[in-house]
Structures are given as C-alpha cells and as structure tokens.
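Letter by letter, the chains look like this.
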Amino acid sequence: MKLVLKNPENFASQRINIFKKEVPCLDTAWHYHPEYELLYISQSTGIRFVGDNVSHFYPGELVLVGSYLPHLWRNDEAYYESDGNLMVKTIVLKFTSNFIGEGTFDNTEFIGIKNLLEQSNFGVSFDKSISEELHNELLEITELPKGKQTINLLNILYRLSLCKEEEKTILSSTDMRQFSNENPDRLDNVIRYISDNYKSDISLKDVSDIACMTTNSFCRFFKKMTNKSFTEFLNEIRIRNASRMLIQENTPISEICYNVGYKSIPNFNKQFKSVMGDTPKNYRYKL
C-alpha cells in the first residue's frame, strides 16, 4: 500500500500564519503568544508598546516580536473617528521556532537567524531602509502557497539576520516575556484607558479603580508587568504624542504642552527631554 502524507498544507499552516490586514484601525489588545511575529506596516501611524518600550510608529515600520513578548500597536486618534477615511495596511507573519523543522536554527549556517530570534525576545525594530528593500516581498508573500511562504519567510529572516547593528534597534530594555496568563485583560484595560485619556488628569486612584485593585497593589502589579511606574508610563504616552504633533503640526509648543495633559511648560520641557533626549524646540528644528 502506498504511504500518503495527508494534509501537508495544514501541517505548514500550524507553523506559519501569514496574512494581510486592511482595516480602518488597529484595535488589538495588549497580548502575547508563543509564536514569533514579524509585523510590517505599510500604511498607518500611532504608538506601539513592545515590552517596556513605548514609541511612535510610521509607515515603513518593520518589527520582529519574540515569543511571549507582550505588545500592542495603537493608532492615532484620527483612525478611530467614525466618519474618518483613514486606512491601516499591514502584513503579519507569525511563525514558530520550528517552522522549517526541529533544530534547524541550531545548525552553523543559520546561526545568524538564531541570534536574531534571541534578540527578538526584546523586540527588534528595523530601519526604514531595510523595510523598503523587503517591501515587495512582504506584500507578495501573502498570496503564495504555504510551501513557497515557508521558503520566502526563511529568506526574509536570513536577510534580516545580516543587518548591521546600526540598522536595527532593540526595543525593550529588559526581558518582559510572560509565560503565564496573569491578568492580561486587567493590564489591557489600563493601557487603553491611559491611551484614550492621556490629555486629561489621570490619577493613580483612577487607574487602580479600572484595574479593580488598591493603589499599593496596582503599583506593584503595573511595575511588574511594564517595568515602569504609572507616572513614567503616562509621561511616555504624553511625550510620544507630543513628538508626533511637533512633526506633523505647526501648533505652538506651548499649546502642545497643554494638549497632551501638562499644566506647566517647564515640566513639559523637562519630561520631553527625559524621554526624547532633547528639548521640544530643538526636536522640532532638527526634523
């Protein structure tokens, strides 16, 4: 009797999942999963959270997120307006460490990919020049059969593994991988609340109530899950939005200060320099 391999396509799909998303806005929750994820954003802007890193993202974003590393991409406010016409376009490549076979990346010829995957435990953002080189391949891979997707994914990872250190940025400052389901919904609700209300006065009591915790318990929980205090996290959200306004708008700096929730210009300048490494004025003029 002839031996037949049944459903080879299903076998491949269990190890890789590659798809295109064209939606009005990104509304995923703060989450993590056992698969690695390479995310390419060809059209969209907003703020991303990877581990303890908070940064603004723009078209051309290419980020590799490691297994069990918490992450969230959240669009700018305009994307969530009911009468808006903005559109998000992304390519998502999710894969397991053994998508090409058990122990493949332990072989000497693939040591570069193994090192890259280890770096992705902290999240890796690639320069726009790299994403531009891979643009066509990333768009085309979603239309290919699973076998060809597997081959092309391996080639993309190999090319990314050859990137120079100055062509990529390690995102999270510490290993923030989560291997248990310890209240991910609770943290997601808090992050959403802060992201939606950063312009207003937000107290520690407010976010503790959202999490249904005492303030002391919440402080310990939030620090453990994000590696930041609530105040540090709120400041980063405000400053990242301020940096976007400085780039995209001609609004006076003093007005931006109040628009992102600060009541004192000196304090705004201090917090901006702490997060961005420069004053708002210098940051705007350098761009």
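Along each chain, residues carry numbers from 1 onward, in the same order as the chain's sequence is written. For this predicted model, a pLDDT threshold of at least 70 governs which residues receive local features, and a threshold of 80 or more governs which side-chain atom pairs are given and counted, while totals over whole chains, interfaces and linings are taken from all residues. Side-chain measures were taken over the full set of non-hydrogen atoms in the model, leaving aside hydrogen atoms and water.

**Notes on the overall build of the protein chain**
Then, number 1: Secondary structure elements are taken from DSSP: a helix is a run of H or I of four residues or more, a strand is a run of E of two residues or more, and numbering for both begins at the N terminus. Scanning the protein chain from terminus to terminus reveals 11 helices and nine strands.
Then, number 2: In terms of overall dimensions, the protein chain is globule-like: its C-alpha atoms have a radius of gyration of 21 Å, near the 19 Å expected for 287 residues.
Then, number 3: The C-alpha extent of the protein chain, read off along each of the three principal axes, is 80 × 45 × 40 Å.
Then, number 4: With 287 residues in all, the protein chain has 47% of them scored as buried.
Then, number 5: In this description, contact between two residues means that some pair of their heavy atoms is separated by no more than 4.5 Å. A separation threshold of at least 6 residues defines the contact pool for the protein chain, and within that pool the share at least 24 residues apart is 73%.
Then, number 6: Note on areas: Shrake-Rupley, 1.4 Å probe, and residue coverage restricted to the protein chains presented here. Summed over its atoms, the accessible surface of the protein chain is roughly 14,600 Å², and 49% of this surface lies on carbon and sulfur atoms.
Then, number 7: The positive count covers Lys and Arg only, the negative count covers Asp and Glu only, and His and the chain ends enter neither. Positions of charges follow a simple convention, taking NZ of Lys, CZ of Arg, CG of Asp or CD of Glu. The positive charge centre, built from 34 side chains, and the negative charge centre, built from 37, are 2 Å apart in the protein chain. This radius of gyration counts C-alpha atoms alone. The globule rule is 2.2 Å times how many residues there are, raised to the power 0.38. The cut-offs for exposure are 20% and 50% of the maximum accessible area for each residue type, with area from a 1.4 Å probe on protein chains only; residues under the lower value are buried, those over the upper are exposed, and the others partly exposed.

**Focus on the side chain of R284**
Then, number 1: Mapped onto the elements of the fold, R284 is located in helix α11 (residues 280-286).
Then, number 2: Within the buried core, R284 has no salt-bridge partner, and the shortest N-O distance to an opposite charge, that of E249, equals 6.6 Å.
Then, number 3: Here the side chain of R284 touches T251 through a polar contact of 2.9 Å, landing on its backbone oxygen.
Then, number 4: Residues contacting R284, with those up to four places away along its chain left out, are M245, L246, E249, N250, T251, I253 and I256. Salt bridges are defined as contacts in which a side-chain nitrogen from Lys or Arg sits within 4 Å of a carboxyl oxygen from Asp or Glu. Here a polar contact is taken to be a pair of N or O atoms separated by no more than 3.5 Å, where protein atoms must pair a possible hydrogen donor with a possible acceptor and residues adjacent in sequence count only if both atoms sit in side chains.

**Remarks on the pattern of salt bridges**
Close approach of charged atoms lets side chains of opposite charge pair.
Then, number 1: As enumerated under the stated definition, the model contains 13 salt bridges in all.
Then, number 2: The shortest N-O distance in the salt bridge between E77 and K199 comes to 3.2 Å. Residue E77 is located in the loop between β6 (71-75) and β7 (88-95), and its partner K199 is located in the loop between α5 (184-197) and α6 (204-210); the two are separated by 122 residues in the primary sequence.
Then, number 3: Looking at K199, the relative accessible area reads 40%, which means it is partly exposed.

**Some points on the nonpolar core**
Then, number 1: By nonpolar core we mean a set of buried residues, namely Ala, Val, Leu, Ile, Met, Phe, Trp, Tyr and Cys, connected to one another through side-chain atoms within 4.5 Å. Residues F49, I194, F218, F230, F233 and F268 are the most contacted members of the largest nonpolar core, which totals 33 residues.
Then, number 2: Residue assignment for this core shows that the elements contributing at least two residues are β3 (46-50), α5, α7 (215-226), α8 (230-248), α9 (253-259) and α10 (265-276).
Then, number 3: Ignoring sequence-local partners within four residues, the contact set of F230 consists of I194, I202, S203, L204, V207, F218 and F222.
Then, number 4: Counting residues in each nonpolar core, the second largest holds 28 residues, with L93, F105, L157 and C163 among its members.

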